[in-house]
Amino acid sequence: MDSLLNIALPKGRLGRIVYKQFEQAGFPCPGILEDNRTLVFEYPPAKVRYFWAKPSDVATYVSRGSADIGVAGKDILLEYEPAVYELLDLGIGACRMAVAAPTGFLDDGSRPLRVATKFANIAAGYYASRRRDIDIIRLNGSIEIAPLLGLSDVIVDIVETGKTLKENRLEVIDTLLPISARLIANQAAFQFKYQQIQKIVQQLSLQKKEEHL
């Protein structure tokens, strides 16, 4: 069995922050942050092999066994429910899943609520718990314009600062849940590479505690 631990990191700013956490925890990989198109990086001295993946694909690589561990947002884990173990809340990429609507919007309940979102399962679960009939409109981008164009009544989306909502005359009317980056593991790898994975979990946990002292 491959002695290197395969680690899937999300591309972009969040992935670079995540890698820095791994590096500071004792699992460096020289060259990984260089500006090039290389996607896979190995560093045998630390027994790690990192690769960059689209954030929404990390959980798929982990659940399918191409990666032993990875870092994915809680939103992805809740929406797609991949068969992985959630090991640690890294406490980064903090934001929230929220319902937003045009300023002054009032839901009178006279018809199904039109909800634009790319998180259909999360939205459906939330409104089911409130026993509210909805019509889900699946969108993948520029969700904020849906209410402005009359396509939806509200949106369910990730909110970080709320600036984009404000610029599009929307406001948060309810918060569903907090979101942050989570360390996840392939279920089989967690058994066969337990010591390697547990060492990373322990070091990242220790580092997290030190940051809060």
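Each remark here, short or long, concerns the structure printed above.
Fair warning: this is a prediction, and the values are worked out from it, not measured in the lab.

Conventions and cut-offs
- Residues numbered from 1 in each chain as written.
- Predicted model: local features only at pLDDT ≥ 70, side-chain atom pairs only at ≥ 80, totals over all residues.
- Heavy atoms only, no water.
- Helix = DSSP H or I, 4+ residues; strand = E, 2+ residues; numbered from the N terminus.
- Buried < 20%, exposed > 50% of the residue type's maximum accessible area, 1.4 Å probe, protein only.
- Pairing = 2+ DSSP bridges.
- Axes fitted to C-alpha atoms, helices over the stretch in contact; angles between N-to-C directions.
- Contact = heavy atoms within 4.5 Å.
- Phe/Tyr/Trp six-rings, centres within 6.5 Å; stacked < 30°, edge-to-face > 60°.
- Polar contact = N/O pair within 3.5 Å; in protein donor to acceptor, adjacent residues only side chain to side chain.
- Core = buried A, V, L, I, M, F, W, Y, C linked by side-chain atoms within 4.5 Å.

K.L.:
Explain the environment of glycine 12 here, please?
P.N.:
Secondary-structure assignment places glycine 12 in the loop between strand 1 (5–10) and helix 1 (13–24). Residue classification places glycine 12 among the partly exposed residues on the basis of a relative accessible area of 38%. Sequence separation of glycine 12 and valine 172 is 160 residues, and the distance between their C-alpha atoms is 26 Å.

K.L.:
What am I meant to see in the sheet that holds strand 3 (residues 48–53) here?
P.N.:
Pairing between sheet strands relies on hydrogen bonds along the backbone, with the strands arranged either parallel or antiparallel. Pairing is mixed in the open sheet, where six strands are placed in the order 2-3-1-4-11-5. Only two strands of the sheet have a single neighbouring strand rather than two, namely strand 2 (40–43) and strand 5 (84–89). Each neighbouring strand pair of the sheet contributes to a mean axis angle of 25°, computed without reference to strand direction. Sheet topology note: the strand 1/strand 4 (residues 69–73) ladder contains two bridges and is parallel. What sits directly across from isoleucine 7, in strand 4, is isoleucine 69. On the sheet, helix 1 packs against strand 1, strand 3, strand 4 and strand 11 (181–186) and is oriented at approximately 145° with respect to strand 1. Packed onto the sheet, helix 8 (residues 194–211) meets strand 1, strand 4, strand 5 and strand 11 and runs at close to 25° relative to strand 5.

K.L.:
Is there a simple way to explain the packing of aromatic side chains in this structure?
P.N.:
Evaluation of the coordinates by the stated rule reveals six aromatic pairs. Here tyrosine 85 and phenylalanine 190 contribute two aromatic rings whose centre-to-centre distance is 5.4 Å and whose plane-to-plane angle is 70°, an arrangement assigned as edge-to-face. Taken together, the residues tyrosine 85 in strand 5 and phenylalanine 190 in helix 7 (residues 187–192) connect sequence positions 105 residues apart. The rings of Tyr19, Phe22 and Tyr50 are connected pair by pair, giving a single aromatic cluster.

K.L.:
Quick question: what am I supposed to make of the environment of lysine 193 here?
P.N.:
Turning to its location among the elements, lysine 193 is positioned in the loop between helix 7 and helix 8. Looking at lysine 193, the relative accessible area reads 6%, which means it is buried. Taking the C-alpha atoms as reference, lysine 193 lies 19 Å from arginine 182; in sequence the two are 11 residues apart. A polar side-chain atom of lysine 193 sits 2.8 Å from a polar atom in the side chain of aspartate 68.

K.L.:
How should I be thinking about the environment of glycine 109 in this particular structure?
P.N.:
Topologically, glycine 109 is positioned in the loop between strand 6 (95–102) and strand 7 (113–117). Between the C-alpha atoms of glycine 109 and aspartate 133, which are 24 residues apart in sequence, the distance is 8.6 Å.

K.L.:
Would you take a moment to explain the pairing of strand 1 for this structure?
P.N.:
Each regular strand displays side chains that alternate between the two surfaces of the sheet. Of all the six residues making up strand 1, six are buried; the element is thus mostly covered by neighbouring parts of the structure. Because side chains alternate across strand 1, one face comprises the buried residues Leu5, Ile7 and Leu9, and the other comprises Asn6, Ala8 and Pro10, equally buried. Alignment of strand 1 against strand 3, held across six bridges, turns out to be parallel. Across the sheet, alanine 8 pairs through a bridge with phenylalanine 51, a residue of strand 3.

K.L.:
Please explain the nonpolar core as it appears in this structure.
P.N.:
Side chains that are nonpolar tend, in soluble globular proteins, to be buried together. Ile7, Leu9, Phe22, Tyr50, Ile69, Leu183 and Ile200 are the most contacted members of the largest nonpolar core, which totals 29 residues. Taken together, the elements giving at least two residues each to this core come down to strand 1, helix 1, strand 3, strand 4, strand 11, helix 7 and helix 8. Among the elements that take part in this core, helix 8 stands out by supplying four residues, more than any other. Excluding residues that lie within four positions of it along the chain, leucine 9 makes contacts with Val18, Tyr19, Phe22, Ile32, Tyr50, Phe51, Trp52, Ala53 and Val58.

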